[in-house]
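Working through the structure, step by step
Here is what each chain is made of, one letter per residue.
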Amino acid sequence: MRYLKRLAALVLLSLCLNAEAGVAAITYHSRANCAGFNESISWRLGYSYWFQTLSQHIHNVNGVPMGHLLDTGMAQTWRSAAYHATEGYGGWSVIGTHYFFNDSLKQWTSVVTRATDCSIYDGWWDH
Amino acid sequence: MLKNILFNALLFSPLLSNASDSIDATGTQAMKQLIQDQGLPPPDSGIVIKPESQFPNFELIKESIERDNASVKKYGYIKRKSPEVQSLLNFKKGEKKFSPKNLTATADTGLYRSINDIQMAYRYYGVPASAMTNELAVAPAGTYLQGQGWTGAAQTFEKAGLGICNYNEMNAKLNHGSVLVARENVSYDINGKVTQKYAKGEESEGFIYGVGWYDDTIYHELECVQTAFSPETMQAVVNLAVVIDNNAH
C-alpha cells in the first residue's frame with residue numbers, strides 16, 4: 001500500500017509540482033478515505049519545529065462511532081504525521097488536533113482539522 | 001513515537017463511553033480526555049497564560065528554555081542560530097515560482113503574488129500597504145476548510161529601515177484554536193493585548209525579531225530580520241505590530 005501511495009504521489013506530482021509548496025508557513029491537514037489510510041499532518045518544508053499531532057479516525061458501525069486515536073507525541077520534525085494504513089476505504093471521518101510549540105516565543109498553539117475525503121494538498125505527500 | 005490509543009485486536013473500539021457523549025466539531029470525548037491528561041490546551045480554549053514549568057512536555061523543553069533564558073539575561077537576545085534568518089535575509093535572491101490565482105480549486109500551499117490570489121475563509125486583515133515598502137509574496141497558513149478557504153496566511157514584505165519581514169495571521173475561531181503562552185514572557189505592548197516578543201540569532205549570521213500577539217479571533221506573529229542586534233530594532237518591530245493591529249479592526 002505504501003508503494004501505491006508513492007506511485008499516486010508521483011503521478012500527481014507531475015501534474016501539479018510547485019517548488020515553493022509549503023516553504024513559507026506551517027500548514028495543517030487531515031485526510032480520510034485515501035484508499036488505504038487516514039491521516040493528520042502538520043508540516044513546513046525545510047524547517048524543524050516542535051510538533052505534536054493527534055488524529056481521531058472514526059467509522060460508524062451500526063450507528064456506533066468506532067475507531068481509534070493516534071498521538072505522535074512531541075517531536076522536532078519538519079513533518080508530523082499521525083498516519084494509519086489498512087483503513088480508509090470509505091465511510092471514515094478524521095479529526096486532527098495539531099499542536100505547535102514555538103520555542104522562540106515560548107508559546108503553544110493548536111489548530112483543529114476535519115476531513116471526510118482524501119483531498120490532495122500539494123506538497124507534503126511528495127516528500 | 002506514534003501511539004495508537006484504544007488499539008485492540010480488531011483495531012477499533014467504541015469512541016464514546018456512553019450515549020450522552022457526542023462527537024462535536026473538535027472531536028470525541030476520548031480525544032478531549034487525552035488532551036486534558038497531557039496538559040495540552042484544549043481546542044477553543046482561547047488564550048491561556050501559565051508558568052513555563054507548567055507547560056506540557058516540559059521535561060523535553062526544559063533545558064532549551066533554561067538555556068534561552070540565560071542567554072537573554074547575558075546578551076539581550078536568544079543566542080541561537082535560526083534558519084528563518086537566512087531564509088528572510090536571502091528572500092529576494094533567486095527566482096520565485098508563484099502559484100496562479102486559486103480561488104476555487106483544491107488548496108495549494110505555494111507562494112502567491114497577492115492575498116487576493118488565495119481563497120481565504122475570512123476577510124484577511126494583513127499588513128496595510130502604507131506600512132510596507134514592497135510586498136514580496138503571500139502564502140497560505142493554518143488549514144484549508146473545504147468550500148471556504150484558508151484560515152490564515154503569511155505575508156513577506158520589505159519595510160524601509162527594518163529589512164525583510166514576515167507577518168503570519170491565523171483565525172483562531174475558524175481553527176477552533178487555542179494559545180498557551182509563558183507567563184515569564186508576557187507583556188501587553190500591542191494595544192493592551194497579550195503580547196510576546198523575542199530577538200534571536202548570532203552575530204555571524206544575523207538576527208530575527210519576533211512579536212506574537214493574540215485576541216479572541218486572530219493570532220498574529222510578525223518577524224523581521226537584520227544583520228545586527230539592537231534594542232531599537234526590537235522596538236521598531238513592536239511599533240510596526242501596533243500599526244498592523246490597528247488595521248485588524
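Every chain's residues receive numbers from 1 upward, in the order its sequence appears when written. Just so you know, chain letters begin at A and ligand numbers begin at 1, following the order they were written in. Selection of residues for local features in this predicted model requires a pLDDT of at least 70, selection of side-chain atom pairs for listing and counting requires 80 or more, and totals for whole chains, interfaces and linings are taken over all residues. Excluding hydrogens and water, the side-chain figures rest on all heavy atoms present in the structure.

**With respect to the overall build of chain A**
In this description a helix means any DSSP run of H or I spanning at least four residues, a strand means any run of E spanning at least two, and both kinds are numbered starting from the N terminus. Tallying secondary structure elements over chain A gives one helix and eight strands in all. Exposure is judged per residue with a 1.4 Å probe applied to protein chains only, and the accessible area is read against the type maximum: over 50% gives exposed, under 20% gives buried, and values in between give partly exposed. Split into buried and exposed, the 127 residues of chain A put 62% on the buried side. Contact definition: two residues touch when any of their heavy atoms are within 4.5 Å. Partitioning the contacts of chain A with sequence separation of at least 6, the portion at a separation of at least 24 is 65%. Exposure was quantified through the Shrake-Rupley algorithm and a 1.4 Å probe, taking into account, for residues, occlusion by the shown protein chains and nothing else. Summed over its atoms, the accessible surface of chain A is roughly 4,500 Å², and 60% of this surface lies on carbon and sulfur atoms.

**Examining the side chain of Glu87(A)**
Looking at the secondary structure, you find Glu87(A) in the loop between β6 (79-85) and β7 (92-102). In this structure Glu87(A) is buried but unpaired, with Arg31(A) as the nearest side chain of opposite charge at 12 Å. The sign given to each residue is positive for Lys and Arg and negative for Asp and Glu; His and the chain ends receive no count. What counts as a salt bridge is simple: a side-chain nitrogen of Lys or Arg found within 4 Å of a carboxyl oxygen of Asp or Glu.

**Overview of the interface of chain A and chain B**
Interfaces are often described in size by the accessible area the parts lose on coming together. Residue-level contacts link 62 residues of chain A with 79 residues of chain B. A 1.4 Å probe defines the accessible area here, and the buried area is the portion of it lost by two parts on being joined, summed over both. When chain A packs against chain B, close to 5,400 Å² is buried across both sides, 58% of that on carbon and sulfur atoms. Put simply, chain A and chain B have two salt bridges between them. Between Arg80(B) and Asp103(A) there is a salt bridge; the shortest N-O distance is 3.3 Å. Pairing of N or O atoms within 3.5 Å defines a polar contact, subject to two protein rules: one partner must be a possible hydrogen donor and the other a possible acceptor, and residues neighboring in sequence count only if both atoms are side-chain atoms. In this assembly, chain A and chain B are joined by 24 residue pairs in polar contact (both at pLDDT 80 or more). The set of elements that each furnish at least two residues to the side of chain A that touches chain B consists of β1 (27-31), β3 (49-61), β4 (64-71), β6, β7 and β8 (107-115) of chain A. Amino acids are sorted into nonpolar (Ala, Val, Leu, Ile, Met, Phe, Trp, Tyr, Cys and Pro), charged (Asp, Glu, Lys and Arg) and polar (every other residue, Gly among them). In the side of chain A that touches chain B, the residues fall into 31 nonpolar, 22 polar and nine charged. Pairing between two strands is assigned when DSSP locates at least 2 bridges connecting them. Strand direction decides the pairing type here: β8(A) and strand β8 (residues 178-182) of chain B, joined by four bridges, are antiparallel. Counted as the bridge partner of Gln107(A) is Val181(B) from β8(B).

**Describing helix α5 (residues 231-247) of chain B**
At 3.6 residues per turn, the α-helix brings residues three or four places apart onto the same side. Residue and element names in this part refer to chain B. Every helix has an expected span of 1.5 Å times one less than the residues it contains. The end-to-end C-alpha distance of α5, which contains 17 residues, comes to 25 Å, matching closely the 24 Å that a straight helix rising 1.5 Å per residue would cover. Along α5, the residues classified as buried are Thr-233, Met-234, Val-237, Val-238, Leu-240, Ala-241, Ile-244 and Asp-245. Each buried residue of α5 lies within a common arc of 160° when the element is viewed along its axis, so the set occupies one face. Structural note: α5 exposes Pro-231 and Glu-232 on the side pointing more than 90 degrees away from its buried face. Working definition: the arc comes from the directions between the helix axis and the C-beta atoms, pointing outward to the latter.

**Concerning the packing of aromatic side chains**
Aromatic rings from Phe, Tyr and Trp, taking only the six-membered ring of Trp, are treated as a pair when their centres fall within 6.5 Å; an angle between ring planes under 30 degrees marks them as stacked, one over 60 as edge-to-face, and anything in between as tilted. In total, this model carries 18 aromatic pairs over all chains according to the counting rule given. Taken together, a centroid distance of 5.2 Å and an interplanar angle of 80° make the contact between Tyr49(A) and Phe100(A) edge-to-face. A residue pair is termed long-range when its members are at least 10 positions apart, and Tyr49(A) in strand β3 and Phe100(A) in strand β7 qualify at 51 residues. Each member of the pair, Tyr49(A) as well as Phe100(A), is classed as buried. Of the aromatic side chains, those joined through ring pairs into one cluster are Tyr75(B), Tyr77(B), Phe207(B), Tyr209(B) and Phe229(B). Definition used: whenever NZ (Lys) or CZ (Arg) falls within 6 Å of the ring centre and also within 35 degrees of the ring normal, the charge is taken to sit over that ring. It is Arg44(A) that lies over the ring of Tyr47(A); its NZ or CZ is 3.7 Å from the centre.

**Details of helix α1 (residues 29-38) of chain B**
All names here are of chain B. Of all the positions in α1, only Met-31, Leu-34 and Ile-35 are classed as buried. For α1, the angular spread of the buried residues around the axis is 95°, confining them to a single face. When the buried face of α1 is taken as reference, the exposed residues oriented beyond 90 degrees from it are Gln-36 and Asp-37.

**Observations concerning the state of the cysteines**
Residue and element names in this part refer to chain A. Cysteine sulfur atoms that come within 2.5 Å of each other are treated as a disulfide pair. If you walk through the whole model with that rule in mind, you get two disulfides over all chains. Here Cys-34 connects covalently by a disulfide to Cys-118, the sulfurs 2.1 Å from one another. Given an S-S torsion of about 105°, the disulfide between Cys-34 and Cys-118 has right-handed geometry. Here Cys-34, found in the loop between β1 and β2 (37-43), pairs with Cys-118, found in the segment after β8; they are 84 residues apart in sequence, far enough to count as distant.

**Here we look at the pairing of β7(A)**
All names here are of chain A. Most of β7 is tucked away: 10 of the 11 residues are buried. Bridge count for β3 against β7 is 10 bridges, and the pairing is antiparallel. Looking across to β7, one finds that Gln-52 is bridged to Tyr-99. Sheet topology places β7 next to β8; nine bridges connect them, and they run antiparallel. Bridge pairing in β8 places His-98 opposite Val-111. The turn linking β7 back onto β8 is made up of four residues, and Lys-106 within it adopts a positive phi angle of 60°.

**Focus on the environment of Thr26(B)**
Topologically, Thr26(B) is positioned in the loop between β2 (13-14) and α1. Of the residues examined, Thr26(B) reaches a relative accessible area of 9% and is grouped as buried. Residues Thr26(B) and Pro42(B), 16 residues apart in the sequence, show an inter-C-alpha distance of 9.2 Å. When neighbours within four sequence positions are excluded, Thr26(B) is seen to be in contact with Gln56(A), Ile95(A), Thr97(A), Val112(A), Arg114(A), Lys32(B), Pro43(B), Asp44(B) and His176(B).

**Some words on the confidence of the model for chain B**
All names here are of chain B. pLDDT measures how confident the predictor is about each residue, on a scale from 0 to 100. With 90% of its residues at a pLDDT of at least 70, chain B reaches an overall mean of 90. In the predicted structure, residues 7-11 sits below a pLDDT of 50 and forms six contacts with residues beyond four places in sequence or in another chain. Under the prediction, the complex receives an ipTM of 0.92, its pTM being 0.90.

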